[in-house]
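A look at the structure
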Amino acid sequence: MEVSAKIQEILVTGGTSGLGNNFVMAFIEKGFHVITTGRRDKYPAENVKGLSYYKVDYCDLGNVSAVMAEIAEHHSFDIIINNAGILSPNKRTLTGNGLECTFQVNFLSHLLASEILLERKKDEKPLTIASITSPVYRYSGIGRVNDEKYNAMKAYSGSKLYMALMAEYLSRRYTGVNLKCISLDPGVFSSAIYRSQTSFFGVLYRTAAPFMRDPSKVAASLSAVITREQLAGNLIYDSRGKASKIPVFDGEAEHRFWKECQELIDPFKVIRYEKFNS
Ligand SMILES: NC(=O)c1ccc[n+]([C@@H]2O[C@H](COP(=O)([O-])OP(=O)(O)OC[C@H]3O[C@@H](n4cnc5c(N)ncnc54)[C@H](OP(=O)(O)O)[C@@H]3O)[C@@H](O)[C@H]2O)c1
């Protein structure tokens, strides 16, 4: 079936659960064709109209590269929501790429995915990239990439700070693209993200669970923010639509940080999809 040129396309990463799943439903309701991703073999609901699903593992930069190249081949986005994420494990855990897993899943893989989609963008239409942060981004500064000293809370808040900073980084790097980048702070809401937590985050969740917001309401408010006609870029928006400035750090530390991140992802941009399916 031929898709009408007027149908807008959105990519929501991590759409199989929680906030991402509610974004998927909210944008299908708005008439978008929604492309979503997750680790599972299949999308949890069957026969959802207006939805395409891709399996991808953000612990594997080669897999992210291959799947995003395939997605770029078939879709042309108006909006991308970088949403997939985990809470940090109690102990420092490395991915197959040798990087701390919170840093890679919550941030670096999103940077790689966004850059691949931007570099393979085939049209001139405007694109908004919204990256999900968390209220705890405020408790972090720019750390050292893959620091062996590990603290779960710091690893999570750091990954969320980098998601917020990524809005400005991508805007600076892709000036030739019709691009607007923002970060979205959903606040705290009830979800399955706390499922594997036994210590600090688990206790926090069990204490706060009765007061947490419904993720469908958070997704509805944030989707209204993203689809605003006059949306200013390079800002962090909360679910009431209030905008805050993206924090600014010592120029040299930030420059070194982005240089190191770029060196980590660049080798994965040349991998072809066929290689990972053969
Ligand atoms: N919950 C909160 O209170 C809260 C507060 C502030 C910010 N956030 C942020 O909001 C976002 C969504 O969180 P949520 O609470 O909705 O979590 P969730 O229900 O656990 O959903 C997480 C999503 O990310 C996907 N994902 C996790 N690890 C992945 C990996 N290695 N590769 C690919 N996909 C992966 C999951 O896929 P599978 O289902 O297939 O595993 C799932 O779709 C996260 O970025 C989180 O940091 C959450």
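Every value quoted in this text rests on a predicted model; they were computed, and no experiment measured them.

**Digging into the pairing of strand 4 (residues 79-82)**
As a general feature of sheets, a regular strand has side chains that alternate between the two faces. Here strand 4 shows a buried face lined by Ile 79 and Ile 81 and a second buried face lined by Ile 80 and Asn 82. Pairing of strand 1 (residues 9-12) with strand 4 involves 3 bridges; the strand directions are parallel. Paired with Ile 10 across the two strands is Ile 79, which belongs to strand 4. In this sheet, strand 5 (residues 127-132) lies alongside strand 4 in parallel orientation, the contact comprising 4 bridges. Bridging across to strand 5, Ile 80 finds its partner in Ile 129.

**Thoughts on the environment of Gly 14**
Take Gly 14: it is sitting in the loop between strand 1 and helix 1 (18-29). Looking at Gly 14, the relative accessible area reads 16%, which means it is buried. A C-alpha to C-alpha distance of 7.2 Å links Gly 14 and Gly 85, two positions 71 residues apart in sequence. Excluding residues that lie within four positions of it along the chain, Gly 14 makes contacts with Gly 20, Asn 21, Thr 36, Thr 37, Asn 83 and Ala 84.

**Looking at the nonpolar core**
Core analysis: the largest hydrophobic core is formed by 49 residues, its most contacted members being Met 68, Ile 71, Phe 107, Leu 108, Leu 111, Trp 258 and Cys 261. For this core, the elements supplying multiple residues, two or more each, are helix 2 (61-74), helix 3 (101-119), strand 5, helix 4 (152-173), strand 6 (179-185) and helix 7 (251-265). The leading source of residues in this core is helix 3, at 11 residues. Among residues more than four places away in sequence, those in contact with Leu 111 are Met 166, Tyr 169, Leu 170, Trp 258, Cys 261 and Ile 265. One finds Val 12, Ile 132, Leu 184 and Ile 226 within the second-largest nonpolar core, a separate group that totals 25 residues.

**Here's the deal with the layout of surface pockets**
The space that makes up the second largest pocket amounts to roughly 430 Å³. In terms of residues, the lining of the second largest pocket owes the most to one element, helix 4, which gives 6 residues. Counted by class, the lining of the second largest pocket contains 6 nonpolar, 8 polar and 5 charged residues.

**Quick look at the confidence of the model for the protein chain**
With 92% of its residues at a pLDDT of 70 or more, the protein chain shows a mean pLDDT of 92. Residue range residues 273-278 is modelled with pLDDT below 50. Its contacts to residues more than four positions away, or to other chains, number 7 contacts.

**Description of the environment of Thr 37**
Here Thr 37 is to be found in strand 2 (residues 33-38). For the pair formed by Thr 37 and Ala 155, sequence separation is 118 residues and the distance between their alpha carbons is 23 Å.

**Brief notes about the site of the ligand**
Contacts to the ligand come from 32 residues, most closely from Thr 16, Ser 17, Asn 83, Tyr 156 and Ser 191. Contact between the ligand and Leu 19: an oxygen atom at 2.8 Å from a main-chain N or O atom of the residue. Look at the ligand: alone it shows 900 Å² of surface, and the protein chains cover 97% of it.

**Things to note about helix 7**
Each full turn of the α-helix corresponds to 3.6 residues, which orients residues three or four apart in the same direction. Its 15 residues give helix 7 an end-to-end C-alpha distance of 21 Å, which sits within 8% of 21 Å, the value for a rise of 1.5 Å per residue. Every buried residue of helix 7 is accounted for by Ala 253, Glu 254, Phe 257, Trp 258, Cys 261, Gln 262 and Ile 265. The arc that holds the buried residues of helix 7, viewed along the axis, is 165°, so those residues lie on one side. What points out from helix 7, more than 90 degrees from its buried face, is the exposed set Glu 252 and His 255. Buried positions along helix 7 lie against helix 3 and helix 4. N-capping of helix 7 is provided by Asp 250, with a side-chain oxygen placed 3.1 Å from the backbone N of Glu 252.

Calculation notes
Residues numbered from 1 in each chain as written. Predicted model: local features only at pLDDT ≥ 70, side-chain atom pairs only at ≥ 80, totals over all residues. Heavy atoms only, no water. Buried < 20%, exposed > 50% of the residue type's maximum accessible area, 1.4 Å probe, protein only. Helix = DSSP H or I, 4+ residues; strand = E, 2+ residues; numbered from the N terminus. Pairing = 2+ DSSP bridges. Contact = heavy atoms within 4.5 Å. Core = buried A, V, L, I, M, F, W, Y, C linked by side-chain atoms within 4.5 Å. 1 Å grid on protein atoms, 1.4 Å probe; cavity = no way out; pocket = protein on both sides within 12 Å on 5 of 7 lines; lining within 4 Å. Points joined across faces, edges and corners; volume = space filled by probe spheres on them. Nonpolar A, V, L, I, M, F, W, Y, C, P; charged D, E, K, R; others polar. pLDDT = per-residue confidence, 0-100. Near = heavy atom within 4 Å. Polar contact = N/O pair within 3.5 Å; in protein donor to acceptor, adjacent residues only side chain to side chain. Areas by Shrake-Rupley, 256 points an atom, 1.4 Å probe, with all protein chains shown as cover. Expected span 1.5 Å × (residues − 1). Arc of directions from axis to C-beta.

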